[in-house]
Amino acid sequence: MEKKLISAEISGGGFVALCSIFMRRLYTLNGGELIGILFGAVNNSPWETAKTLLLPYLVWALLELMAVKPRVCRFTAAKTAGLYLLGAVYLSLSLLLPEPLAAAVGVCAAFMLPLWLYRTALPLQRLFALSVCLLFLFVALYFSLTPFAPHLALFRDAETGMYGIPTV
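Let me sum up the structure you'll find in this document. Source: prediction; values computed, not measured.

Moving on to helix H3 (residues 46-68). In a regular helix each residue adds 1.5 Å, so 23 residues correspond to 33 Å; H3 covers 32 Å between its end C-alpha atoms and thus fits that length. Among the 23 residues of H3, 17 are classified as buried, and the element is accordingly described as predominantly covered. Just downstream of H3 lies Lys-69, where phi reads positive at about 60°.

Take a look at the structure:
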């Protein structure tokens with residue numbers, strides 16, 4: 001199973017990259033409809049770009065869970081740590097580095113950490129309940145920070161100076 005997990009993690013990097021490219025254009029492709037607001041990037045702020053990395057990462061984790069069938073409690077805790085690491089690394093590096101480099105570093109870190117955590121002897125199963133709560137928090141933040149974007153640098157589009165959904 002370890003070889004399956006390693007190959008799934010490597011494949012996940014490609015999946016996240018391809019989905020991110022599509023999701024970056026989803027808002028304009030569907031003319032600003034609700035599906036584009038929820039699942040695409042409505043502007044070029046670091047948060048909106050991070051959304052296009054975080055959701056595919058979470059979807060890949062679910063696909064990986066169904067295909068590889070690792071121990072659920074350990075896997076959930078490890079992948080939740082990876083999800084939050086991806087967000088933290090990408091959002092912090094996006095303020096310092098070019099966006100593609102920040103995304104590449106974040107995605108690599110997000111796939112390496114869970115693989116390492118899953119293979120260690122740490123009692124990750126004890127963190128299952130906390131991980132589930134953190135996943136619910138992530139979903140709440142994901143769907144609320146675009147329409148109600150705080151006026152912080154992470155949510156500001158550098159080109160337009162706007163926050164959140166563009167208004168006409």
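Attention shifts here to the nonpolar core. Ranked by size, the top nonpolar core spans 26 residues in total, and within it Leu-53, Leu-54, Tyr-57, Leu-86 and Tyr-90 carry the most contacts. Of all the elements in the fold, those that place two or more residues in this core are helix H1 (2-29), H3, helix H4 (72-93), helix H5 (99-119) and helix H6 (128-144). The element contributing the most residues to this core is H3, with 8 residues. Setting aside its immediate chain neighbours within four residues, Tyr-90 contacts Pro-46, Thr-49, Ala-50, Leu-53, Glu-99, Ala-102 and Ala-103. Within the second largest apolar cluster, 6 residues are counted, among which are Leu-5, Val-68, Phe-75 and Leu-115.

Applying the stated rule across the entire model yields 4 salt bridges. Here Lys-79 and Glu-64 are joined by a salt bridge, their closest N and O atoms 3.2 Å apart. Note that Lys-79 is positioned in helix H4 and Glu-64 in helix H3, a separation of 15 residues in sequence. The burial state of Lys-79 is the same as that of Glu-64; both residues are buried. Each of the salt bridges in this network shares a partner with another, and the network as a whole consists of Glu-9, Glu-64 and Lys-79.

Parameters at a glance
Residues numbered from 1 in each chain as written. Predicted model: local features only at pLDDT ≥ 70, side-chain atom pairs only at ≥ 80, totals over all residues. Heavy atoms only, no water. Helix = DSSP H or I, 4+ residues; strand = E, 2+ residues; numbered from the N terminus. Expected span 1.5 Å × (residues − 1). Buried < 20%, exposed > 50% of the residue type's maximum accessible area, 1.4 Å probe, protein only. Core = buried A, V, L, I, M, F, W, Y, C linked by side-chain atoms within 4.5 Å. Contact = heavy atoms within 4.5 Å. Salt bridge = Lys/Arg side-chain N within 4 Å of Asp/Glu carboxyl O.

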